[in-house]
Amino acid sequence: MDAHSTWKPLVITPADIGAEPAPDALVGHLRGLDDLGALLVAEKALVFRGFRVSPAELDDVMDLLLPNRLAYVHGNSPRTKVGRNVYTSTEYPPAYTISMHNEMSYAHQWPSRLLFFCDRAAATGGATPVVDGALWLESLDAEVRAAFADGVRYAQHLHGGKGFGKSWQDTFETDDRADVEAFLDDTGATYEWTRDGALRVSQVRPSTAVHPVTGTEVWFNQADQWHAAGLGDETAAALHRIMPEKDLPQSVAFADGSPIPARYITQVRDRGLAAAVDVDWRTGDLLLIDNMLVGHGRRPFRGHRRVLVAMSD
């Protein structure tokens with residue numbers, strides 16, 4: 001564990017590369033790199049700071065950092081599309097912490113890279129914590145790791161346009177049922193349409209993953225974010241008073257359908273946050289992460305904060 005505990009993202013500034021603090025300097029640096037992918041895998045996360053990137057220059061930078069920008073299809077977080085496969089970061093109230101996770105680790109296919117851009121830093125707080133996925137896995141009790149060995153079963157209840165949580169139209173970025181069915185048929189998920197026009201989706205996924213380049217095994221699931229206990233005892237109790245678990249927008253169980261104990265969920269959530277390193281935003285910063293090697297989250301904040309996110313395979 002000690003080998004991982006000193007890890008933090010590599011910060012690259014104009015001074016580090018002998019350049020002026022300007023967006024075109026960053027573009028030139030990125031074009032001159034022999035192998036950005038190898039650098040990212042070696043460092044796990046890169047922060048580009050002080051290049052004065054604005055939304056107007058963002059596309060040029062993203063085209064170099066994200067070779068094949070992906071749409072956020074089958075994503076479970078509330079966010080708004082603001083450009084060519086560019087989205088706001090998760091739109092949860094600023095008072096709440098967003099726990100550590102790897103983007104779309106619940107899906108059959110996930111992005112390999114994530115890029116965050118700070119359009120406006122918060123007045124206070126609002127850091128993006130990042131965690132070494134191998135350290136996160138090692139930090140968990142052997143009992144918890146063994147319990148999750150067979151994977152987890154994710155369940156979604158997506159309303160048809162009116163209800164609690166996200167609609168299936170927003171989730172899949174279409175209002176065509178045939179398009180949704182074609183997508184889900186390729187994922188191995190099971191699904192059914194309900195009488196009121198909602199969609200139920202169930203899928204079993206692994207709890208850990210092995211990085212294809214490094215061979216490192218990492219914690220790689222979002223059980224703590226899909227389980228009511230991950231929201232805190234009061235919120236969990238309130239949700240269960242409102243509706244049965246099957247009608248919650250999302251829920252999770254072990255692969256065989258048996259319930260995951262709340263104490264396992266809180267351990268996963270709390271140890272991931274405890275092992276994380278905060279990236280404190282400055283307007284114009286960019287953070288590029290290897291989505292398998294590194295989990296991310298969000299600290300609470302005050303004031304206006306606008307962080308955009310894009311992803312690629």
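To keep things clear, this report deals only with the structure shown in the data block. (Residues numbered from 1 in each chain as written. Predicted model: local features only at pLDDT ≥ 70, side-chain atom pairs only at ≥ 80, totals over all residues. Heavy atoms only, no water.)

**Thoughts on the side chain of Thr187**
No. 1: One can find Thr187 in the loop between helix 9 (177-185) and strand 10 (190-193).
No. 2: In this structure the side chain of Thr187 is engaged in a polar contact, spanning 3.2 Å, whose partner is the backbone nitrogen of Ala189. (Helix = DSSP H or I, 4+ residues; strand = E, 2+ residues; numbered from the N terminus. Polar contact = N/O pair within 3.5 Å; in protein donor to acceptor, adjacent residues only side chain to side chain.)

**Things to note about the sheet that holds strand 10**
No. 1: The strand order across the open sheet built from four strands is 10-11-9-14, with neighbouring strands paired in antiparallel fashion. Of all strands in the sheet, those with a lone pairing partner are strand 10 and strand 14 (250-254), marking the two edges. Each strand of the sheet is rotated relative to its neighbour by a mean of 15°, with strand direction disregarded.
No. 2: Of the strand pairs in this sheet, strand 10 and strand 11 (residues 199-205) are connected by four bridges, and their pairing is antiparallel. (Pairing = 2+ DSSP bridges. Axes fitted to C-alpha atoms, helices over the stretch in contact; angles between N-to-C directions.)

**Some words on the pairing of strand 8 (residues 128-132)**
No. 1: Across the five residues that make up strand 8, a large majority, five, are buried.
No. 2: Taking every second residue as pointing to the same face, both faces of strand 8 are buried, with Thr128, Val130 and Asp132 on one and Pro129 and Val131 on the other.
No. 3: Pairing of strand 8 with strand 15 (residues 277-279), which is carried by three bridges, proceeds in the antiparallel orientation. Bridge pairing in strand 15 places Thr128 opposite Val279.
No. 4: Where strand 8 meets strand 17 (residues 294-298), three bridges bridge the pair, whose relative direction is antiparallel. The partner of Val130 across the bridge, within strand 17, is His296. (Buried < 20%, exposed > 50% of the residue type's maximum accessible area, 1.4 Å probe, protein only.)

**Topic: the packing of aromatic side chains**
No. 1: All chains considered together, the criterion is met by eight aromatic pairs.
No. 2: For the pair Trp110 and Phe220, a centre-to-centre distance of 4.8 Å together with 65° between the ring planes defines the contact as edge-to-face. Of this pair, Trp110 sits in the loop between strand 5 (98-101) and strand 6 (113-120) while Phe220 sits in the loop between strand 13 (217-219) and helix 10 (223-226), and the two are 110 residues apart along the sequence.
No. 3: Note on Trp110: relative accessible area 28%, which makes it partly exposed.
No. 4: Using a relative accessible area of 2% as the deciding quantity, one classes Phe220 as buried.
No. 5: For the ring pair Phe172 and Phe183, a centre distance of 5.7 Å and an interplane angle of 65° mean the geometry is edge-to-face. With a gap of eleven residues between them, Phe172 in helix 8 (residues 168-172) and Phe183 in helix 9 connect regions that are remote in the sequence.
No. 6: Look at Phe183 and you get partly exposed, because its relative accessible area is 26%.
No. 7: By the ring-pair criterion, three or more aromatic residues cluster together here, those being Tyr106, Tyr154 and Trp226.
No. 8: One Lys or Arg, Arg177, reaches over the ring of Trp193 and ends 4.3 Å from the middle of that ring. (Phe/Tyr/Trp six-rings, centres within 6.5 Å; stacked < 30°, edge-to-face > 60°. Lys NZ or Arg CZ within 6 Å of the ring centre and 35° of its normal.)

**Let's talk about helix 4 (residues 36-43)**
No. 1: Taken together, the buried positions of helix 4 are Leu36, Leu40 and Val41. Mapping the buried residues of helix 4 onto a view down its axis gives an arc of 130°, with all of them on the same face.
No. 2: Buried residues belonging to helix 4 abut strand 2 (45-48), helix 5 (55-65), strand 6 and strand 16 (286-290).
No. 3: A side-chain oxygen of the first residue of helix 4 lies 3.1 Å from the backbone nitrogen of Gly37; this N-cap is Asp35. (Arc of directions from axis to C-beta. Contact = heavy atoms within 4.5 Å.)

**Comments concerning the nonpolar core**
The tendency in soluble globular proteins is for nonpolar side chains to be buried as a group.
No. 1: One finds Phe116, Phe148, Ile260 and Leu287 to be the most contacted residues of the largest nonpolar core, which totals 42 residues.
No. 2: Element by element, the count of residues in this core is highest for helix 12 (residues 262-274), at four residues.
No. 3: Once residues within four sequence positions are removed from consideration, Leu287 is found in contact with Ala45, Leu46, Val47, Leu114, Leu115, Phe116, Thr128, Val130, Val279 and Trp281.
No. 4: One finds Ile12, Leu115, Phe117 and Leu308 within the second-largest nonpolar core, a separate group that totals 23 residues. (Core = buried A, V, L, I, M, F, W, Y, C linked by side-chain atoms within 4.5 Å.)

**Thoughts on the pairing of strand 19 (residues 306-312)**
No. 1: Among the seven residues in strand 19, six count as buried, and that is most of the element.
No. 2: Note: strand 4 (residues 86-88) against strand 19, two bridges, orientation antiparallel. Note on strand 19: the bridge partner recorded for Tyr87 is Val309.
No. 3: As defined by bridge partners, strand 6 adjoins strand 19 across seven bridges and the pair is classed as antiparallel. Following the sheet pairing, Phe117 is matched in strand 19 by Leu308.

**Quick look at the sheet that holds strand 17**
Sheet strands pair by backbone hydrogen bonding; their relative direction is either parallel or antiparallel.
No. 1: Taken together, the four strands give an open sheet; going across it, the order is 5-17-8-15, and neighbouring strands pair in antiparallel fashion. Here the strands that pair on one side only, and so sit at the sheet edges, are strand 5 and strand 15. Pairwise comparison of adjacent strand axes, ignoring direction, gives a mean angle of 25° for this sheet.
No. 2: Packed on one face of the sheet, helix 12 meets strand 5 and strand 8 and runs near 85° to strand 5.

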